Amino acid sequence: MLETTRTYRAKIVNHQQVSDDLDDCGHSASKLWNVARYHSQQEWDETGEIPSEADLKRELKDHERYSDLHSQSSQRVLEELAEAFNGWFKKRKNGDTDANPPGYRKRGDNHPRSTVTWKQNGIKHDTANDRLRLSKGFNLKSHRSDFILTEYETRPDVSVENIQQVRAVWNGDRWELHLVCKKEIPVEDAPGDTTAGIDLGISNYLAIAYSDGDAELYPGNVLKQDKHYFTRDEYDTEGENGPSRRALRARQKLSRRKDHFLHALAKHIVERCIDHRVGRIAIGNLSRIREDENGESRNWGKRGNKKLHGWEFDRFTTLLEYKAEHGILVDRKSERDTSKTCSCCGRKRDANRVERGLYVCESCGAALNADVNGAVNIRRKITQIPPTGDMSNGRLARPAVHLFNQTSGRFAPSEQVDCKP
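Each residue is numbered by its place in its chain's sequence as written, counting from 1. With the structure being a predicted model, the display of local features is reserved for residues of pLDDT at least 70 and the display and counting of side-chain atom pairs for 80 or more, all residues being used for whole-chain, interface and lining totals. In computing side-chain values, all of the structure's heavy atoms are included and hydrogens and water are not.

Trainee: Is there a simple way to explain the nonpolar core in this structure?
Mentor: As a rule of thumb, soluble globular proteins bury nonpolar side chains together. Only buried residues count toward a nonpolar core. Its members are Ala, Val, Leu, Ile, Met, Phe, Trp, Tyr and Cys residues joined through side-chain atoms within 4.5 Å. Exposure categories follow from relative accessible area, calculated using a 1.4 Å probe and restricted to protein chains: below 20% of the type maximum is buried, above 50% is exposed, and the middle band is partly exposed. Within the largest apolar cluster, 42 residues are counted, with the highest numbers of intra-cluster contacts made by Leu22, Trp118, Leu132, Val166, Leu177 and Leu179. Segments assigned H or I by DSSP are reported as helices when at least four residues long, segments assigned E as strands when at least two residues long, and all are numbered from the N terminus. With nine residues, the single largest contributor to this core is helix 1 (residues 15-47). A contact between two residues is defined here by any heavy atoms of the two lying within 4.5 Å. Look past the residues within four positions of Val166 in its chain and what remains in contact with it is Val116, Thr117, Trp118, Ile123, Leu132, Leu134, Leu177, His178 and Leu179. Formed by 31 residues, the second largest nonpolar core is a distinct cluster that contains Ala196, Tyr205, Ala324 and Phe404.

Put into structure tokens, the structure is as follows:
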């Protein structure tokens with residue numbers, strides 16, 4: 001058996017009853033972050049060094065704000081701040097003068113709702129009734145109960161067992177739960193022992209690189225066309241009572257078409273991996289792509305924000321994990337520097353990416369499709385074994401392209417797909 005983790009999103013059924021308690025925890029997490037941020041700044045100003053995660057926990061364990069949350073939840077806030085500072089400090093050492101240190105979580109007099117994490121000691125799971133008891137900190141127990149009793153609901157096919165962590169995440173409108181569970185996968189069911197890397201993008205929704213040197217691109221043009229068509233002015237109309245009936249039907253149809261695309265793509269990728277005898281997939285982890293280093297919303301510009309917020313990368317990865325879980329392990333890996341690094345020689349330079357789709361390495365002369373280059377680097381996050389097949393420039397610069405056939409509802413090589421409307 002191969003042990004891995006899966007993260008399941010869950011709706012809070014009794015949201016009205018627990019939202020105030022979760023608000024308190026979310027605001028407390030922001031306040032503790034700010035206290036630790038101030039302490040870190042003082043340490044930096046006095047010594048020129050960033051306090052470590054252990055230093056922060058030792059110095060702040062007796063602080064009043066630390067007691068607002070369960071001790072393990074407070075520890076996780078300090079761990080996140082230490083990780084953010086370490087990331088900034090590494091960039092600074094590497095000469096990135098534009099990198100900013102993590103900021104304070106405050107807007108005027110208001111503290112935003114930060115994500116709150118409960119580890120195993122702060123969780124009691126009632127599997128029979130789909131309920132979770134999430135422990136509060138000492139300070140928040142005084143005026144209400146000692147715990148938050150949340151009732152959750154997941155997809156019908158999901159079995160929530162062996163919970164390792166629970167994260168309460170504010171999605172802008174309401175709280176939702178992310179349940180991190182330990183899961184075992186039978187190794188004997190794996191189709192092979194090779195690896196593949198997947199780079200997620202916008203123009204090309206997905207690029208995949210296999211161990212044998214093969215690479216494929218999956219453009220997202222169908223999603224873009226659908227979004228443009230079903231959000232035209234005549235569809236996207238709203239009156240005093242909200243969206244028109246026609247607008248609602250258009251949005252529902254757009255949602256169904258997107259769902260079908262993602263399901264079909266995940267199924268197709270699993271089938272291709274079985275053909276290539278893949279036992280393990282590394283996929284870029286973009287769970288925080290919408291946030292900057294301070295945890296605030298990242299501004300990609302008007303067009304970039306519009307594209308990004310229609311880009312359901314986390315949902316696709318979850319679908320891929322589900323469809324592959326009977327034999328192929330899916331690992332979410334950081335995409336850090338994978339777009340800047342040459343997959344042939346390992347040299348890293350921002351200037352190597354000369355165009356949106358082309359990566360040219362000045363050190364070794366390799367010319368590669370930029371998304372495939374990223375996919376190869378992501379694959380190497382789980383194995384350093386080089387591809388066994390031909391890695392010539394031509395093969396990597398012009399990978400096979402698979403398009404979505406709207407008539408059949410399946411993916412096929414571009415030469416087999418009728419692209420006419």
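That covers the picture; the talk isn't over yet.
Trainee: Is there a simple way to think about the sheet that holds strand 17 (residues 400-405) in this case?
Mentor: What links the strands of a sheet is backbone hydrogen bonding, and the strands pair in either a parallel or an antiparallel sense. What the seven strands build is an open sheet, ordered 14-13-8-9-10-17-18; its pairing is mixed. Strand pairing shows two members of the sheet lacking a second neighbour, strand 14 (329-334) and strand 18 (410-413), which therefore form its edges. When strand polarity is set aside, the average angle formed by the axes of neighbouring strands in this sheet is 25°. Looking at chain direction, strand 10 (residues 215-219) and strand 17 are connected through two bridges and run parallel. Looking at strand 17, one finds that Glu216 is bridged to Ala400. In the packing of helix 5 (residues 245-275) onto the sheet, the strands contacted are strand 8 (194-200), strand 9 (204-210), strand 10, strand 13 (278-285), strand 17 and strand 18, and the crossing angle to strand 9 comes to about 10°. Comment: axis = line fitted to C-alpha atoms, over the contacting stretch for helices; angle = value between 0 and 180 degrees taken between N-to-C directions. Where helix 8 (residues 370-379) meets the sheet, its contacts fall on strand 8, strand 9, strand 10 and strand 13, and the angle it forms with strand 8 comes to roughly 135°. At least two DSSP bridges between two strands are required for those strands to pair.

Trainee: Teacher, can you tell me more about helix 8 here?
Mentor: Because an α-helix packs 3.6 residues into every turn, residues spaced three or four apart end up facing the same way. Burial of helix 8 is extensive: 10 of the 10 residues sit out of reach of the surface. Among the residues of helix 8, Ala370, Asp371, Val372, Asn373, Gly374, Ala375, Val376, Asn377, Ile378 and Arg379 are the ones counted as buried.

Trainee: I keep staring at the environment of Asp199 and nothing clicks. Help me out?
Mentor: Tracing the sequence through the fold places Asp199 in strand 8. Along the chain, Asp199 and Ala282 lie 83 residues apart, while their C-alpha atoms are 8.8 Å from each other. The contacts of Asp199, once residues within four sequence positions are left out, are Tyr205, Leu206, Ala207, Glu335, Asp371, Gly374, Ala375 and Ile378.

Trainee: Where do I start with the packing of helix 5 against helix 7 (residues 313-324) in this structure?
Mentor: In helix packing, the relevant descriptors are the interaxial angle and the interaxial distance, both defined with respect to the helix axes. At a closest axis distance of 9 Å, the pairing of helix 5 and helix 7 adopts a crossing angle of 45°. As judged from the angle between their axes, helix 5 and helix 7 are oblique. Of the two elements, helix 5 crosses helix 7, and the hand of that crossing is right-handed. Taking contact as the criterion, the partners of Asp259, Leu262, His263, Leu265, Ala266, Lys267, Ile269 and Val270 in helix 5 are, on helix 7, Arg315, Phe316, Leu319, Leu320, Lys323 and Ala324. By definition in this entry, angles of less than 35 degrees are roughly parallel, angles greater than 145 are roughly antiparallel, angles of 65 to 115 are roughly perpendicular, and the rest are oblique. By convention the crossing between two helices is left-handed if the near helix lies anticlockwise of the far one by an angle smaller than a right angle, and right-handed if it lies clockwise.

Trainee: Help me out: how do you make sense of unusual backbone geometry in this one?
Mentor: Negative phi is the rule for most residues except glycine; trans is the rule for most peptide bonds. The residue Asp130 is not glycine, and still its phi comes out positive at about 55°. Inspection of the secondary structure assignment puts Asp130 in the loop between strand 3 (123-126) and strand 4 (131-135). Despite not being glycine, Arg277 has its phi angle at roughly 55°, a positive value. Its location among the elements puts Arg277 in the loop between helix 5 and strand 13.

Trainee: What am I meant to see in the state of the cysteines here?
Mentor: Two cysteines, two sulfur atoms, one covalent bond between them: this is a disulfide. Put simply, a disulfide is two cysteine sulfurs that come within 2.5 Å. As enumerated under the stated definition, the model contains zero disulfides in all. Cys342 takes part in no disulfide bond, and the closest cysteine sulfur to it belongs to Cys364, at a distance of 3.7 Å.

Trainee: What am I meant to see in helix 1 here?
Mentor: End to end, helix 1 covers 46 Å across 33 residues, agreeing with the expected 48 Å (1.5 Å per residue, within 8%). In this analysis the local bend is the angle between axes fitted, respectively, to the seven residues ending at and the seven residues starting at the residue. The sharpest bend along helix 1 comes to roughly 30°, located at Asp21. The first or second residue beyond helix 1 is Gly48, which carries a positive phi of 75°. What a helix is expected to span follows from its residue count: subtract one and scale by 1.5 Å.

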